[in-house]
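The primary structure of each chain is shown beneath.
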Amino acid sequence: GRGPMPSRTAEKNKPVPETIRTSAGGCVINCVINWTRNYSCINILPVHNTIAWDCEELEQGTGPTASEATNNDGGSEPDRGAETARRMNDGGGSSTTSESNELVFYVNGHKVVERNVDPELNLITYLRRKLGLTGTKLGCGEGGCGSCTVMVSKYNAPQGKIVHIAINACLAPLCSLHRTAITTVEGIGSTATRLHPVQERIAKAHGSQCGFCTPGMVMSMYTLLRNHPNPTLEEIEDTLQGNLCRCTGYRPIVEGYRTFAQTSSCCGGAGVDWRCCKEQSGEKSPKLFEPSDFLPLDPTQEPIFPPQLALCESPRSTLVFRGERVTWIQPTTLEELLALKTKHPEARLVVGNTEVGIEMKLKNILYPVILAPAHIPELNFTRHTDTGIVFGAACSLSHVGSVLKEAARGLPGYRTEIFRAVLEQLRWFAGQQIRNVAAVGGNIMTASPISDLNPLFVASGCLLTLASSGTTRVLKMDGAFFTGYRKTAVSPQEVLLSVEIPFTRKGEYCSAYKQAQRREDDIAIVNGGMRVVFREGSSVVEEMGLSYGGMGPTTVSAVRTCQQLLGRQWNAELLHVGCSLLVSELALSPSAPGGMVQFRRTLSLSFFFKFYLSVLQKLGQDFQEAFQVEPVSPEYVSATELFHKDPPSSVQLFQGVPPDQVSSDMVGQPLPHLSSFQQATGEAIYCDDLPRLERELYLALVTSTEAHAQISSIDSSQALQMAGVTCFLTAKDIPGSNVTGHVTLDETVFADGVVTCVGHIIGAVVADTEAHAQRAAKAVKVTYTKLEPIITIQDAISHSSYHVPPLKLEYGDIEGGFEQADDIIEGEMHIGGQEHFYLETHCTVAVPSGEDGEMEIFSSTQAPSQTQILVAKALGVPANRIVCRVKRLGGGFGGKASRNTLLATVVAVAAHKTKCPVRCALTRDVDMLVTGGRNPFLGRYKVGFQKSGKIVAADLTLYCNAGNSLDLSSSILMVALFHMSNAYKIPNIRGVGHVCKTNLPSNTAFRGFGGPQGMLIAETWMDAVIRKSGLPADQVRRLNLYKEGDITHFSQKMEDVNIGKCWDECVESSFYHSRRKAVDEFNRQHRWKKRGLAIIPTMFGISFSLTFFNQAAALVHIYTDGSVLLTHGGTEMGQGLHTKMVQVASKVLGIPVSRIHICETSTNTVPNTSPTAASASSDMNGMAVKIACQTLLERLEPFKSANPTGSWDQWVSSAYMGRVGLSATGFYRTPDLNHNWKENRGRPYNYFTYGVASSEVEVDCLTGDHKNLRTDIVMDVGLSLNPAVDIGQVEGAFAQGLGLFTLEELRYSPAGVLYTRGPGTYKIPTAGDIPARFNVSLLRKTPNKKAIYSSKAVGEPPLFLAASIFFAIKDAVAATRTGAGVTEPFRLDSPATPDRIRLACTDFLTQMCPPAEPGTFTPWNVEV
C-alpha cells in the first residue's frame, strides 16, 4: 500500500529497461520504456546511440564535454561551431524552398524529430508529458515566475557563434525551436552521477526550501555561466530577475551563487557584532555553509553544442504545422513572408510568443494562422548608420540592449542620450527570459498602452521600415502612430522590417521614466519618454517630445503641451506652465481602467518635474561657460538620480553546538534540507510530476462569472461535442453528499442553484488531455439571474452581513483606563488581503481501485486527514476506503490547509464516475480565482496614553472579510484578537471582532493566521501615540513591552519573556541610535528623497487556536538491515519539517541521518492528523517521533546491554532474531491548553516566540517608489534544531511579510471580479526587493523548556517583522510632510504601495491632481 498505484497492463512484468525504436505520436527518437515507480506509463528517455557524442541518458547530461571534444588547437565551442558552419556553407548556393512538417531539435544532447506538431503545444508540456522530464516546473504559464526556465542554444549565423539563452518553457511553442538544443535541469547533473556546481551550491547554501522554483533558478544561473564563466555580482542579480521564490527570501540563493563571482576576501561585515573581519579578533559565529567545500566550476566540462545544428545558416524549407485550431508557418525568405501576410492579413507574427502566447492562454483569443519570421535575415540584423543604429524587427531585446550598451561605451555621451534612456528601460523590462526572446518589433506592433519602450520611441521619433508585397516605406513613430487600443498606423498586409534608434546631438537630451508596483519584472503603472532639443547656444526649447504610457488606451503624446513650450527658456516658469498644460491634456476619467487615477495623473507631472531638473542639471554641466541657467538646488539633486541599489550583503549569527556534542548528533547543526539535492536536480517529485497512469483523464473547472446569482441554466452540449471530452459533472453527479466545509458545513462541492462568488465551482469537464478539458470548460454556457452582491467590509457592515455573532475579548477596566489617560487618539486602518502564491498550484490525482469504493488521492495538501474525510463524504463511503498521500508540497503557507478540498472532492467525484484515474493541476489564474487568500481587515481604534508614553487603555474593533463561507475565518479573527496588543502590556483593553460574510471566494489560513493583521493595527495606533506624544519611537515601544510575570489580555501569565533581550540586542547590533541621527541628517539635506527608520517587535503565540488540533503521532520502522523508515503526521512544504524530524530521530536513536528516511505522509500510516500549520508541527511531531524512537530504544536496550561493543546493525539483527517488535508509534498532545473564550481565562498558547526588527528605507517622494536599505533581525527561537532551516524561515517569512505590507495587492472590481490573477498583475517580492543589507541573528542561550530539545517554532512569527519596513516608509513620508509644512496626522493603509506613498507625500504636484468626489463615479476597483 506504500507505493503508487501498480500497473494493470498485461505487460507490467516485462523486463526493463528495454531499448526500442518508436514513432508514437509522430516522434521519431530512440527511447527507453521505463516503468517509473511501478506506474503503467511510458517515459520517453532517449539513449546514447542516436549520435556518437550524445549523453548516456537524457536526464544525466553525461555526454562529451567541451574539453573532451576540443581539437588539439584548443578552440572554444563557439569557434568550432562557427568554423563548421563556414565549411559547410562555403561555395554552397541556397536550395529551392520546399515545405516541411518535420521539427528537429535536441534535448539534453539527444536528437528529437517530431512531425505534425500542434502549434499550440508548448515546450513545457512536451518536456513533461512526452519526455517525462518533470524537473521543469509549471508555476504560472505566463512567463512571470521562472520555474519553467530552460536553456536554449542555437547557432547565430549573423554573429557567427553559438548563443545560449534562458527562456520560459511555458511560453515557447515547440514549433519555434527548430534546429535548437534544449538543456533542462536533468541534463546538467543528477544525484545518481554528479551534481553540477550550480546545483550543488544552491543546495548547500540552503537556497532550496520547497524546491519548486529551484530548477528554474538553477537553469537561469547555468545559462549565465555558459555565457560568462566569471560573472559579476550585478550580472548574477540581473539573471535572477525573472525568477520568483516564495520560500527563501532569496538571500541564500544569491549568497550561494555569488560564490561564482569574483569577490574580495573580506567577509563583508560577516563577523561578530556585524563588524568587518579586519576590525575584530576572537572567534566568529559558525557558518551556515563553507564555500571552500564547493565543487569548482570547470567550463571545459560542459556538453558541447550538436555540430549538426551549425551546418546551415538558415532553414532550407518552409516549416508548416497544422493543429486542431492553428496553423504555424515559418517562411524562409522575406518575399515568402510578405506573400503570406498578403494572403493572411490577420495572421499574427510571432518571434518570442511573449504576448500572443498570453493572449491565447489567458484572454481566450484564437489566432488561426501564425507566421514565424524569426529566421528571415532581413528581420535579423544590426546596422550602424550616420543617423543611428538600425535593428531588425526580430532582434531580441537582449540583443538590442547589448548593442546599445556597447555603443554607449564607445561614443561621446551627447550622442547616446536616447541609447542610455532605452537601456534604463530595458534594465527593468520583464525578466531575462522574456528579454531573451521578445522582439523589439513585437514590442512596437503589440501597441500596448503600457509598453516601456514605445513612449521613448515616439518621443525620440524612431524610424520604422515597413514592407508589403511590392512596396516599402519609412514611417516615423509619433503621436499619430498609435491609432487606438492595440492598433497602429501599419496596414494589415504590412510587415515591420526594422526600427532605427537615432543618435542625439549636443543640446539634445532624453530621459525615460517608469513606475510600477514592483521595480523588477513588472509592467508599468505609468511610464514616460521625454526629449528636448535646445536652440544652439541657448536654453530655448526648439523641439520637444513628451510621451506617456499608462495614461490612456494608447501611448499618449502631449502634443499641445510640447507646442506651447517651444521657444521658452528652460526655467521655473516653463516647469509650472508645463505642469498646468499636462494636467489639462492628460486627463483621465475617474473610472479609467487600471484605477489609481490620481496617482497616475500625479506621476505624469512628477516625471516631467524629474526631467526638468535632470535637463537643467545637464545644461549647467554642458554649457556652463556658454550661457547662464538656473542652478539645481543641492537638496533637489537626488530627484535626478537613477535608481541604484547597493550590492547585497548579509550576516547570519547563531549559537553553535557544544564542543562535546557527538559528531553523529545533528540537532543544532545547519544541516541542508534533506531533499535539496533532488530539488536542485529536478528529481524531487511533486503531485503533478507523478507519471501518467493508464486511461488517465484530465479535469477542468467551470466556475461562476457572477458574484451572487441564481443559476438559470447550464448548457454543456457544445462542450460535450468537442474533441476528447468524456463527460461534464455537476451537483447531480455526486454519489455522496454535496455539502462540505471546514469548522461548519456551509459549502458545496458544486454550486447547487445559487452561486455566491465569482469563481464558485459550478461543474467540471473531464477529457483525454489537459488542453481539451480546458477548452471544453470555456465552452460550457451558464446563464444567471443576478442578485445583489456584498463585496467589501463596508458593504457587510451596512447590511449587517456576518457569519457568526461578534467575538469579544476584554481585560481590565476600559472606562477607568481612559480616565487615567493624559491624551486619546482615534483612527482606523485597512489591511489588504494577500494571495498565497505558492509556486505549485493546487493539484490532485485521484486513482480509483474498482474495489469496495477504495480510492487513492494524491494531493498537494497540508491536511491529508481532512482531505480524506471530505472526499469520503462526497463519495458516500467510509473514510477507511480513502487513502490520501502527500510526498511534498511546492509551498503551502496555509493556502493548502483547507482550500485544497475544493479541488480534491471534485476530482474524486470525476474518478468515481469515469472509473478512471483523473488529474487536475489548477492553472495559476484559476487557482488565484477560486481558492481565496489572507483575510482583509479593517481596524478601528481608540487609545489612551500618558505623557510618559505609557498606554493605559485601548478599545478596538476588528472587521475580517471572510468571503462566502466561514472556512477558518472565525479562528483567524480569534488569533487577531489574541494578538491585538502585539508585544505590549495594555492594562485595560477591549477587542470586538466581526466575521464579515461577503460574495468573495472564501478567505482562509495564511502564514500568521490573523496575527499579522491584529499586530499591524496595534503598531498603527502605537505609531499614532508616538507622533502625538512627540517622544522617541524606540523609547515608547520599549516602555510598553511585556515583562516577566505580566498577565496578557487573554489571562495568560508571561513566562521566560525574551522580548526585552531581543529588543536590546537589535538596538545595539543595528546601531539604531546613530542611524537615527544619520537618517534625520539625510532628510535635512534632501527634499525629494527621504529616509525612514523603524524598530518593531513581535510576540507570537504557539499553538492551534482549536485545542483539539494540538496533537500529533508518528510511526517508526526499523528494518533488519538497520535502516529506519520514519512517518509522522506533518507534510513537507519547504519548511524543513522532514529534515528536523530526521535530526530528532537520529539524536534519539544515535544513528546517522543517512540511515533514516521519510517517504511520504499518508493517512494509512498515521491517521487523524492535524493540518501542518500554526508553526507547531516541529514541536508536536518532533515529540511524537521522540516518543516512538524512545520506545524502540527501550526494546533494543537488552541487546545493547548484552553486546555493549556491538554495532547498531548487530543490535537490530539480534532484536529481530529475538522476535522483538521493531515498529513503534508515538503520540503527543500539547499540555495545559485550556483557554475558555467566553470567560477569558486559561492558557491558549504553549509559549511565545519573540523577535525584533529594525529597518531603514529610502523613499522617492515624487514617484512613491522606495528601496529597502537595511534590515536587522533578532529572533528568539530557543535552541535551534537546525539554524540553517530556522534562519531560512526567518528570511522567507520576512520576505512574505514584505509583500503583504508593501507590494502585494489583490484588486477587485465593484462586481467582485478579481483582476489580479497571475504574476503579470500580482506582484510578490523579487530578489531585488530584499534589503540590500539583511542581517539575521538568532538569540543565544535562551532554551525553551516547552518544546522539543529546547527549540521554538519559527514558521509564522517572523512574518510580522516586515512591518518594520512599513513603518520605516511611514517615517519617511512623515519627514516629507514635515518638510512641506504639513503637520496633521495622516493615514497609510497596507500595503504601502507606490500610489499610497506618493499621495501621502503631499506637494504642489499632488495638489494639481485632486481626486474625484466619491459617489460621482463608478470606480474601476474597490477596497474589499
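Provided above is the structure to which this section pertains.
Here we summarise the structure given alongside this text. (Residues numbered from 1 in each chain as written. Predicted model: local features only at pLDDT ≥ 70, side-chain atom pairs only at ≥ 80, totals over all residues. Heavy atoms only, no water.)

## Here we look at the sheet that holds strand E50 (residues 1333-1338)
Then, number 1: The mixed open sheet is built from 5 strands, whose spatial order is E24-E50-E49-E48-E42. Edge positions in the open sheet fall to strand E24 (649-653) and strand E42 (1089-1102), since each of these has one partner strand only. Within this sheet the neighbouring strands show an average axis-to-axis angle of 10°, counted without direction.
Then, number 2: Bridging between E24 and E50 involves 5 bridges; their strand directions are parallel. Along E50, the bridge assignment pairs Ser649 with Arg1333.
Then, number 3: Strands in contact with helix H29 (residues 1059-1069) are E42, strand E48 (1247-1260), strand E49 (1266-1276) and E50; relative to E48, the strand with the most contacts, it is inclined by about 30°. (Pairing = 2+ DSSP bridges. Helix = DSSP H or I, 4+ residues; strand = E, 2+ residues; numbered from the N terminus. Axes fitted to C-alpha atoms, helices over the stretch in contact; angles between N-to-C directions. Contact = heavy atoms within 4.5 Å.)

## Some words on unusual backbone geometry
Then, number 1: Residue Ser1390 is joined to Pro1391 through a cis peptide bond whose omega torsion reads 5°.
Then, number 2: By the element assignment, Pro1391 lies in the loop between helix H35 (1363-1379) and helix H36 (1394-1400).
Then, number 3: With phi around 50°, Met596 is a residue other than glycine that occupies positive phi space.
Then, number 4: Here Met596 lies in the loop between helix H16 (572-585) and helix H17 (597-622).
Then, number 5: Residue Asp1056 is not a glycine yet carries a positive backbone phi of 50°.
Then, number 6: Its location among the elements puts Asp1056 in the loop between helix H28 (1033-1040) and H29.
Then, number 7: Assessed through its relative accessible area of 36%, Asp1056 is described here as partly exposed. (Buried < 20%, exposed > 50% of the residue type's maximum accessible area, 1.4 Å probe, protein only.)

## Thoughts on the state of the cysteines
Then, number 1: According to the stated counting rule, one finds 0 disulfides in the structure shown.
Then, number 2: Here Cys1062 stays unpaired: no disulfide links it, and the sulfur of Cys1066, its closest cysteine neighbor, is 8.7 Å away. (Disulfide = S-S within 2.5 Å.)

## Regarding the pattern of salt bridges
Then, number 1: Evaluated as defined, the whole model comprises 74 salt bridges.
Then, number 2: With its nearest N and O atoms 2.9 Å apart, the salt bridge here joins Asp967 to Arg899. Of the two residues, Asp967 sits in the loop between strand E40 (951-963) and helix H26 (969-978) while Arg899 sits in the loop between strand E37 (882-886) and helix H24 (900-914), which places them 68 residues apart along the sequence.
Then, number 3: On the basis of relative accessibility, which here comes to 0%, the residue Asp967 falls in the buried class.
Then, number 4: Judged by relative accessible area, Arg899 falls into the buried class, the value being 3%.
Then, number 5: A single salt-bridge network, built from bridges that share partners, covers Arg128, Arg129, Lys137, Asp688, Asp689, Arg692, Glu696, Glu770 and Arg919. (Salt bridge = Lys/Arg side-chain N within 4 Å of Asp/Glu carboxyl O.)

## Some details on helix H3 (residues 123-130)
Working note: α-helix, 3.6 residues per turn, so residues spaced by three or four point in the same direction.
Then, number 1: Every buried residue belonging to H3 is among Leu123, Ile124, Tyr126, Leu127 and Arg128, and all of these are buried.
Then, number 2: Looking one or two residues beyond H3, the residue adopting positive phi is Gly132, at roughly 70°.

## So, the pairing of strand E14 (residues 388-392)
Then, number 1: Burial within E14 is extensive, with 5 of its 5 residues counted as buried.
Then, number 2: With 3 bridges joining them, strand E13 (residues 382-384) and E14 adopt antiparallel strand pairing. What sits directly across from Arg383, in E14, is Val390.
Then, number 3: Counting the residues that bridge the hairpin from E13 to E14 gives 3 residues.
Then, number 4: The pairing of E14 with strand E19 (residues 495-502) spans 5 bridges and is classified as antiparallel. Opposite Gly388, over in E19, you have Pro502 as the bridge partner.

## Some words on the sheet that holds strand E30 (residues 754-755)
Then, number 1: Spatially, E30-E26-E32 is the arrangement adopted by the 3 strands of the open sheet, whose pairing is antiparallel. The open sheet terminates on both sides in strands that have one partner only, identified here as E30 and strand E32 (781-786).
Then, number 2: The pairing of strand E26 (residues 709-715) with E32 spans 6 bridges and is classified as antiparallel. Note on E32: the bridge partner recorded for Ala709 is Lys786.

## What about the pairing of strand E36 (residues 855-859)?
Then, number 1: The buried fraction of E36 amounts to 5 of the 5 residues, a majority that puts the element mostly inside the structure.
Then, number 2: Judged by which residues are buried, E36 turns out to be covered on both faces: Met855, Ile857 and Ser859 on one side and Glu856 and Phe858 on the other are all buried.
Then, number 3: The turn joining strand E35 (residues 843-848) and E36, which pair antiparallel and follow one another in sequence, is formed by 6 residues; a positive phi near 80° is taken by Gly850.
Then, number 4: Summarising the sheet, E36 and E37 pair through 4 bridges and their orientation is parallel.

## Quick look at the packing of helix H10 (residues 397-410) against helix H11 (residues 417-427)
Then, number 1: It is the contact of H10 with H11, at a shortest axis distance of 9 Å, that shows an interaxial angle of 140°. Comparing their axes, H11 and H10 come out oblique. Viewed along their axes, H10 and H11 form a crossing whose handedness is left-handed. Here Leu397, Val400, Gly401, Leu404, Lys405, Ala407 and Ala408 of H10 lie close against H11, whose contacting residues are Phe419, Arg420, Val422, Leu423 and Leu426.
Then, number 2: Of the residues in the contact of H10 with H11, the class split is 9 nonpolar, 1 polar and 2 charged. (Parallel < 35°, antiparallel > 145°, perpendicular 65-115°, else oblique. Left-handed = near helix turned anticlockwise from the far one by under 90°. Nonpolar A, V, L, I, M, F, W, Y, C, P; charged D, E, K, R; others polar.)

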